[in-house]
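One letter stands for each residue in the lines below.
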There are 2 protein chains.
Amino acid sequence: MDGTAVILTAGLYNSNAGKTAHGLVRGTERYDILGVIDSKDIGKDAGIILDGQHRGIPIFASLEAFVKETSQRPDYAIIGIASSGGKIPEEMYPVLKLALSEGISLVSGLHEFLSEMPDFIALAEKHGAQLIDVRKPKHRKDLHFWTGEIKQVSCPKIAVMGVDCAVGKRTTARFLTEAARRAGLTAEMIYTGQTGWLQGNRYGFILDSTVNDFVSGELEHAIVSCYKEQSPDMIFVEGQAALRNPSGPCGAEFLVSGQADGVVLQAIPARKQFKGWGHLGFDIPPIAKEIALIEMFESPVIAVTINSKDMSRDETMAIKQEYEAELGIPVLAPLYEGLDSLIPLIQGLK
Amino acid sequence: MDGTAVILTAGLYNSNAGKTAHGLVRGTERYDILGVIDSKDIGKDAGIILDGQHRGIPIFASLEAFVKETSQRPDYAIIGIASSGGKIPEEMYPVLKLALSEGISLVSGLHEFLSEMPDFIALAEKHGAQLIDVRKPKHRKDLHFWTGEIKQVSCPKIAVMGVDCAVGKRTTARFLTEAARRAGLTAEMIYTGQTGWLQGNRYGFILDSTVNDFVSGELEHAIVSCYKEQSPDMIFVEGQAALRNPSGPCGAEFLVSGQADGVVLQAIPARKQFKGWGHLGFDIPPIAKEIALIEMFESPVIAVTINSKDMSRDETMAIKQEYEAELGIPVLAPLYEGLDSLIPLIQGLK
């Protein structure tokens, strides 16, 4: 564990933009999360706001209020929101500067780097705080090309893919890892985004900030290192975006370079169009077509998981039955049913 | 045009590793190519060695021999080979240093950057020469996210894709652009690799050295800029790798982010396995399966082009007939038949 932390969400905790914060509230082994700083839902529990589960993480109105009420100074303040274009939001500058002046290190997964902004550099140096840009690309000499060594990994490797961005791939990968561990198995999750790193996963890389030529090699290196060092019973790879997302298609890497033995595909039935691109007429393809596309890459889709956003429990269960009848594979609603029933299926894959 | 140039190939001109040199010998509007420096085939014409066509580009034994025999000093010396891992080959250091000490600027498309190597920096400064690393990533502030503006491009956009790396996608894209121009049309080729830039194409980006999150946006930006500034009758996009190449699958970008109206698919019938990965059992999928995969992304494959490497003319023509009967679309051997017959087909696409 790196230390204690608060999450900064600038009024956006209870919105899609708060995805990074949501991942941290769901659970992280990297930080001890002491609170969320937001202008809404003050005094409530961040877990309750997220999904109705109490997690002992209160929401505070400001960093000052946090310090006053808890008499604690966190080691880190983590930017918990995604912003348009990946910029550090200007309205966050005051709280970021206040944190630095208290010696609190900043952690950001945004595209704009705190460690390249002179004001922040100066303040961090003055107060002995760190500026940690999770998405800062590695130097070329630390990057790996694909070698084919992935062929030597003999445990099942499952890619968790999705029909769109922001459908819960990372959460499903985490649930699967936890389910395997509950079943007495050793399992590891390979992170491919900044939140996966923030949550404390040990193996992975940040796909979208990697120079394209090294994406497949970094993926292979993460899986192979995990396999050699941990000998896990199974490995879950967090997917990114979707094979046909127009703003950045992604997925073939997990299938051919990562040699996925099976795919768990996350669906979001209430969403009909690619997030952000509906106005241009980009519909999410039907689930059966997405499965057919994935299987052209030679990895079978072993189950579909349902993100039940904007659906009642009854609606979710009705869709589950409809999909199961159409697709002939297990379909699960993770929030209602968990994913434990998939683990024996995955054990049988190799 | 940037100036005169010689190409350095260190004994590898007549091999697959000489791909960059081959592209420059085929034609470039960026440089006036005066010669190739290689240890083999000295005195012969580089075009004859490549494909039997004389191009007035002699091969010289050394840079000294070039200067002595032609009484010319080129503006640029271009590294014309691909190397393992993208390193500047150490055996090239002497000729590179000699060039710099004569005030000749160096151009490299390799992953290792001359402009980060102290010896070369010092020599370049001393003699007023430049170090041009074509593949050096752009700064983040100069990169574009995908916006959907591609939807406003109303001329046909053709992606030239291939069944593997190094099958001739760039050459076919160039042939198509030239064929369109011969037909009295305005056409532009969007480059996506360093050789396409070296050849003088005005719009494009280097896909493999671009941070992954910006690949789709840089592609869109290149196509949209080309369309707005040149109003071409048609646009050809140079593809990269192959959809199922295990060491780095690529292609969905051209189809969904680049909104290709059609695909020309380059086949290499004599090659049965992915280049470099046959020992691991990675077979190139049958051509009909590759077409089926591409068409799941909603872009029709309008023609197949054949790389006739390791096949006689008769063998090539037999395969052409076989493919045509199987696939029901035009199949052409560009080196024997040209590609002029495809232009009316492409004009009819929009």
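Residues numbered from 1 in each chain as written. Chains lettered and ligands numbered in written order. Predicted model: local features only at pLDDT ≥ 70, side-chain atom pairs only at ≥ 80, totals over all residues. Heavy atoms only, no water.

Here the focus is the sheet that holds strand S4 (residues 76-79) of chain A. Strand-to-strand pairing in sheets goes through backbone hydrogen bonds, with the strands running parallel or antiparallel. Residues and elements named next belong to chain A. With respect to topology, six strands assemble into an open sheet ordered S3-S2-S1-S4-S5-S6, the strand pairing being parallel. Every other strand in the sheet has two partners, leaving strand S3 (59-60) and strand S6 (131-133) as the edge strands with one partner each. Pairing geometry for strand S1 (residues 3-8) and strand S2 (residues 31-37), over six bridges, is parallel. Bridge assignment links Gly-3 to a residue of S2, and that residue is Tyr-31. The sheet contacts of helix H4 (residues 93-101) involve S1, S4, strand S5 (105-108) and S6, and relative to S5 the element is tilted by about 140°. (Pairing = 2+ DSSP bridges. Helix = DSSP H or I, 4+ residues; strand = E, 2+ residues; numbered from the N terminus. Contact = heavy atoms within 4.5 Å. Axes fitted to C-alpha atoms, helices over the stretch in contact; angles between N-to-C directions.)

Turning our eyes to something else, we now look at the packing of aromatic side chains. For the structure shown, the criterion picks out 12 aromatic pairs over all chains. Residues Tyr-31 of chain A and Tyr-76 of chain A carry aromatic rings whose centres are separated by 5.3 Å and whose planes lie at 65° to one another, so their mutual orientation is edge-to-face. In this pair, Tyr-31 of chain A is assigned in strand S2 and Tyr-76 of chain A in strand S4, connecting sequence segments 45 residues apart. For Tyr-31 of chain A, a relative accessible area of 2% translates into the label buried. Take Tyr-76 of chain A: its relative accessible area is 10%, and that puts it in the buried class. In this structure an aromatic cluster arises from ring pairing among Trp-146 of chain A together with Trp-277 and Phe-282 of chain B. Sitting over the ring of Phe-282 of chain B, Lys-151 of chain A keeps its end group 4.7 Å from the ring centre. (Phe/Tyr/Trp six-rings, centres within 6.5 Å; stacked < 30°, edge-to-face > 60°. Buried < 20%, exposed > 50% of the residue type's maximum accessible area, 1.4 Å probe, protein only. Lys NZ or Arg CZ within 6 Å of the ring centre and 35° of its normal.)

Here the focus is the interface of chain B and chain A. Each partner contributes to the interface: chain B provides 44 residues, whereas chain A provides 44 residues. On the chain B side of the interface with chain A, the three residues burying the most area are Trp-146, Asn-212 and Met-296 of chain B, jointly 18% of the side's total. At the junction of chain B and chain A, the tally comes to six salt bridges. A salt bridge links Arg-135 of chain B to Asp-213 of chain A; its shortest N-O distance comes to 3.8 Å. Scanning the region where chain B abuts chain A turns up 14 residue pairs in polar contact (both at pLDDT 80 or more). Along the lines of polarity and charge, the residues of the side of chain B that touches chain A split into 19 nonpolar, 14 polar and 11 charged. (Buried area = accessible area lost by both parts, 1.4 Å probe. Salt bridge = Lys/Arg side-chain N within 4 Å of Asp/Glu carboxyl O. Polar contact = N/O pair within 3.5 Å; in protein donor to acceptor, adjacent residues only side chain to side chain. Nonpolar A, V, L, I, M, F, W, Y, C, P; charged D, E, K, R; others polar.)

Residue and element names in this part refer to chain A. In total, this model carries 40 salt bridges over all chains according to the counting rule given. Note that Arg-30 is salt-bridged to Asp-2, the shortest N-O span being 3.7 Å. Within this pair, whereas Arg-30 is found in the loop between helix H1 (19-26) and S2, its partner Asp-2 is found in the segment before S1, the two being separated by 28 residues in sequence. Note on Arg-30: relative accessible area 14%, which makes it buried. Under the relative-accessibility criterion, Asp-2 is labelled partly exposed at 37%. Residues Arg-202 and Glu-188 are paired through a salt bridge, measuring 2.4 Å at the closest nitrogen-oxygen approach. With a gap of 14 residues between them, Arg-202 in the loop between helix H7 (194-198) and strand S9 (203-204) and Glu-188 in strand S8 (residues 187-191) connect regions that are remote in the sequence.

Here the focus is empty space enclosed by the protein. For the structure on display, the rule yields three cavities of 30 Å³ or more. Approximately 100 Å³ is the volume attributed to the largest cavity. Contributions of two or more residues to the lining of the largest cavity are made by helix H9 (252-257) of chain A together with helix H9 (252-257) of chain B. (1 Å grid on protein atoms, 1.4 Å probe; cavity = no way out; pocket = protein on both sides within 12 Å on 5 of 7 lines; lining within 4 Å. Points joined across faces, edges and corners; volume = space filled by probe spheres on them.)

Residue and element names in this part refer to chain B. Looking only at helix H4 (residues 93-101), the buried set comprises Leu-96, Ala-99 and Leu-100. Angularly, the buried residues of H4 cover 100° about the axis, an arc narrow enough to put them on a single face. Contacts from the buried residues of H4 go to strand S1 (3-8), helix H3 (63-70), strand S4 (76-79), strand S5 (105-108), helix H5 (118-127) and strand S6 (131-133). Following H4 by one or two positions, Gly-103 has its phi on the positive side, about 80°. (Arc of directions from axis to C-beta.)

Now for unusual backbone geometry. All names here are of chain B. Residues other than glycine seldom take positive phi values, yet Ser-71 does so here, at roughly 50°. Along the chain, Ser-71 falls in the loop between H3 and S4. Ser-71 sits in the exposed class, given a relative accessible area of 66%.

Here we take up the side chain of Gln-194 of chain B. As for its position among the elements, Gln-194 of chain B is in helix H7 (residues 194-198). Setting aside residues no more than four positions away along its own chain, Gln-194 of chain B makes contact with Gly-109, Val-134, Arg-135 and Ile-206 of chain B.

With that settled, consider the pairing of S5 of chain B. Residues and elements named next belong to chain B. Side chains of S5 alternate between two faces, with Ser-105 and Val-107 and Leu-106 and Ser-108 buried alike. For S4 and S5, the ladder comprises three bridges, and the chain directions are parallel. Bridge pairing links Ala-77 to Leu-106 in S5. Bridge analysis of S5 against S6 gives three bridges, and the strand direction is parallel. Counterpart to Leu-106 in the pairing with S6 is Leu-131. After leaving S5, the chain enters H5 and then returns to the sheet as S6, a path that is right-handed. (Right-handed = clockwise from strand over helix to strand, strands pointing away.)

This next bit is on the packing of helix H10 (residues 287-295) of chain B against helix H11 (residues 313-327) of chain B. All names here are of chain B. Running from N to C, H10 and H11 cross one another at 45°; their axes reach a closest spacing of 11 Å. With respect to their mutual orientation, H10 and H11 come out oblique. Crossing angle aside, the handedness with which H10 passes H11 is right-handed. Counting all contacts with H10, which are made through Ile-287, Ala-288 and Ile-291, the residues of H11 involved are Tyr-323, Glu-326 and Leu-327. (Parallel < 35°, antiparallel > 145°, perpendicular 65-115°, else oblique. Left-handed = near helix turned anticlockwise from the far one by under 90°.)

Here the focus is the side chain of Asn-307 of chain A. Residues and elements named next belong to chain A. Mapped onto the secondary structure, Asn-307 falls in the loop between strand S12 (301-306) and helix H11 (313-327). Of note is the side chain of Asn-307, whose polar atom sits 2.9 Å from the backbone nitrogen of Lys-309. Those residues in contact with Asn-307 that sit more than four places away from it in its chain are Val-167, Gly-168, Gln-266, Ala-267, Ile-268 and Pro-269.

All names here are of chain A. Following the sequence through the fold, Leu-335 ends up in helix H12 (residues 334-337). On the basis of relative accessibility, which here comes to 52%, the residue Leu-335 falls in the exposed class. Taking the C-alpha atoms as reference points, Leu-335 and Gly-217, 118 residues apart in sequence, are found 34 Å from one another. The contacts of Leu-335, once residues within four sequence positions are left out, are Phe-175 and Ser-308.

Geometric values such as these leave the question of function open.
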